[in-house]
Amino acid sequence: MGKRVRFHQEYVYGRSNNPTRNSLEKCIAALENGKHGFCFSSGLAAMDTVVHLLKGGDHVICGDDVYGGTSRYFRKVIDCVGVDVTFVDTTDIDSVRKAIQKNTRMLWLETPSNPMMKLSDIKEIADVVKQYSQDILYVVDNTFMTPYFQQPLSLGADIVLHSLTKYMNGHCDVVMGAVVTDKDDLNQRLRFLQNSVGAVPSPMDCFLVHRGLKTLHLRMREHMRSGLAVARFLESHPCVAKVLHPGLPSHPQHDLALKQTSGFSGMITFCLKGGLPEATVFTKNLKIFVLAESLGGFESLAEIPALMTHASIPKEHREKLGMSDAMIRLSVGLETTEDLIDDLDRALRQAVNVGTN
């Protein structure tokens, strides 16, 4: 009689489990004060897996200002399976309350939002949603803030989502997403979907993100310090019409930022004086800031949302949000702050005629 083959029950197949990914998932869950973490091959893969928790006939409330890929997914992909989506200004709690329907099963938002930097009151929205129905899943994209500055689960969210590509990795060499929850029932459903849908990252990418997390606290402190300095500089610049940064007293939700978060990332949105021609000249004349769509890495990036990350959003919707062609989104990196300010100043004065060139 032959010997029975004994299998290792935990690590049977790489898509289902591997120790490097499991270690990263536990680390990210701990950072978010959650119980269960899940890693995916991209932020949108994480989003797609979470949306698989819905079924045809369900209704989603989504913030009106979100990453362009998120908006595109909700506008052009999810309707194919019969899920309805309503886009709402989640900074207005009455608008959120009015948007809830009998079949609402998910509320999705970013705070700060991308690229308008609007802040939503996570706890207040959680209270409204859960008072209406415990069946509504409350999802907060925490990519812009990271758990170092904001922890949505502690404020009432059911699920936190990250594009790990950005601040969490921080080294511009990985594409990955993550989801965290503290609910055991969601853990079972998401674990099944993670394995069944199969959009999982490689062990090597998981190792690289784990490496990045070791310096998250140091990087985020520097992003905040340098980002605030750049925002204050821009607010006083004669070529700039408006600056959006939650750390500035001029921001509409500045008080909420002080209450809800423990700091700020390096994300800044501003409008220069003029239009698309001036914005184009500005980006062409940058020397340190790189024209690119990503964010959250060690290198400083600049982009024109209307032409790049949010080009897929209908023009009328962009205009309603105030997303003009003169709007620039910056991701302030880890270079010397004075060099970044000099770079912006030079490019602004070359792009905008304010009589001081």
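All of these numbers come straight from a predicted model, not from anything done at the bench. (Residues numbered from 1 in each chain as written. Predicted model: local features only at pLDDT ≥ 70, side-chain atom pairs only at ≥ 80, totals over all residues. Heavy atoms only, no water.)

### Observations regarding the overall build of the protein
So, step 1. Helices and strands together make up the secondary structure of the protein, namely 13 helices and 12 strands.
So, step 2. For the protein, the C-alpha radius of gyration of 21 Å lies close to 21 Å, the compact-globule estimate for 357 residues.
So, step 3. Taken along the three principal axes of its C-alpha coordinates, the protein extends 90 × 45 × 35 Å.
So, step 4. Taking the contacts inside the protein whose residues are at least 6 apart along the sequence as the reference set, 74% of them involve residues at least 24 apart.
So, step 5. For the protein, the exposed surface amounts to about 15300 Å²; the carbon and sulfur share of it is 53%.
So, step 6. Once the 39 positive and 40 negative side-chain charges of the protein are each reduced to a mean point, those two points are 5 Å apart. (Helix = DSSP H or I, 4+ residues; strand = E, 2+ residues; numbered from the N terminus. Rg over C-alpha atoms; globule rule 2.2 N^0.38 Å. Contact = heavy atoms within 4.5 Å. Areas by Shrake-Rupley, 256 points an atom, 1.4 Å probe, with all protein chains shown as cover. Lys, Arg positive; Asp, Glu negative; His and termini not counted. Charge placed at Lys NZ, Arg CZ, Asp CG, Glu CD.)

### Remarks on the environment of Lys315
So, step 1. With respect to the helices, strands and loops of the structure, Lys315 is situated in helix 12 (residues 315-321).
So, step 2. Taking the C-alpha atoms as reference points, Lys315 and Gly198, separated by 117 residues in sequence, lie 35 Å from one another.

### Quick look at the packing of aromatic side chains
So, step 1. Applying the stated criterion across every chain, the model contains 4 aromatic pairs.
So, step 2. Aromatic pair Phe270 and Phe282: ring centres 5.8 Å apart, planes at 90°, arrangement edge-to-face. On the criterion of sequence distance, the pair formed by Phe270 in strand 9 (residues 267-272) and Phe282 in helix 11 (residues 276-284) is long-range, its members being 12 residues apart. With respect to class, Phe270 is no different from Phe282; both count as buried. (Phe/Tyr/Trp six-rings, centres within 6.5 Å; stacked < 30°, edge-to-face > 60°. Buried < 20%, exposed > 50% of the residue type's maximum accessible area, 1.4 Å probe, protein only.)

### Considerations on the environment of Leu213
So, step 1. Locating Leu213 in the fold gives a position in helix 8 (residues 203-213).
So, step 2. Residue Leu213 is classed as buried on the basis of its relative accessible area of 11%.
So, step 3. C-alpha of Leu213 to C-alpha of Pro19: the two residues are 194 residues apart in sequence and 17 Å apart in space.
So, step 4. With sequence-adjacent residues up to four places away left out, Leu213 is seen in contact with Leu24, Cys27, Ile28, Leu31, Met168 and Arg219.

### A look at the packing of helix 9 (residues 216-235) against helix 13 (residues 337-351)
So, step 1. For the pair helix 9 and helix 13, interaxial distance at closest approach is 10 Å and the crossing angle is 30°. Regarding the angle of helix 9 to helix 13, the classification is roughly parallel. Helix 13 is crossed by helix 9, and the crossing has right-handed handedness. Contacts between helix 9 and helix 13 involve Glu222, Arg225, Ser226, Ala229, Val230, Phe233 and Leu234 from the first element and Thr337, Leu340, Ile341, Leu344, Asp345 and Leu348 from the second.
So, step 2. Grouping the constituent residues of the contact of helix 9 with helix 13 by class yields 8 nonpolar, 2 polar and 3 charged. (Axes fitted to C-alpha atoms, helices over the stretch in contact; angles between N-to-C directions. Parallel < 35°, antiparallel > 145°, perpendicular 65-115°, else oblique. Left-handed = near helix turned anticlockwise from the far one by under 90°. Nonpolar A, V, L, I, M, F, W, Y, C, P; charged D, E, K, R; others polar.)

### Quick notes on the sheet that holds strand 10 (residues 290-291)
So, step 1. Pairing is mixed across the open sheet formed by 5 strands, whose spatial order is 8-9-12-11-10. Each of the sheet's edge strands pairs with one partner strand only, and the pair in question is strand 8 (240-244) and strand 10.
So, step 2. In this structure, strand 9 lies alongside strand 12 (residues 327-331), joined through 5 bridges in antiparallel fashion. Bridge assignment links Ile268 to a residue of strand 12, and that residue is Leu330. (Pairing = 2+ DSSP bridges.)

### Points about the pairing of strand 12
So, step 1. The buried fraction of strand 12 amounts to 5 of the 5 residues, a majority that puts the element mostly inside the structure.
So, step 2. Residue alternation in strand 12 divides its side chains into two sets, Met327, Arg329 and Ser331 and Ile328 and Leu330, and both sets are buried.
So, step 3. Sheet topology places strand 11 (residues 301-303) next to strand 12; 3 bridges connect them, and they run antiparallel. Paired with Ala302 across the strands is Leu330, a residue of strand 12.

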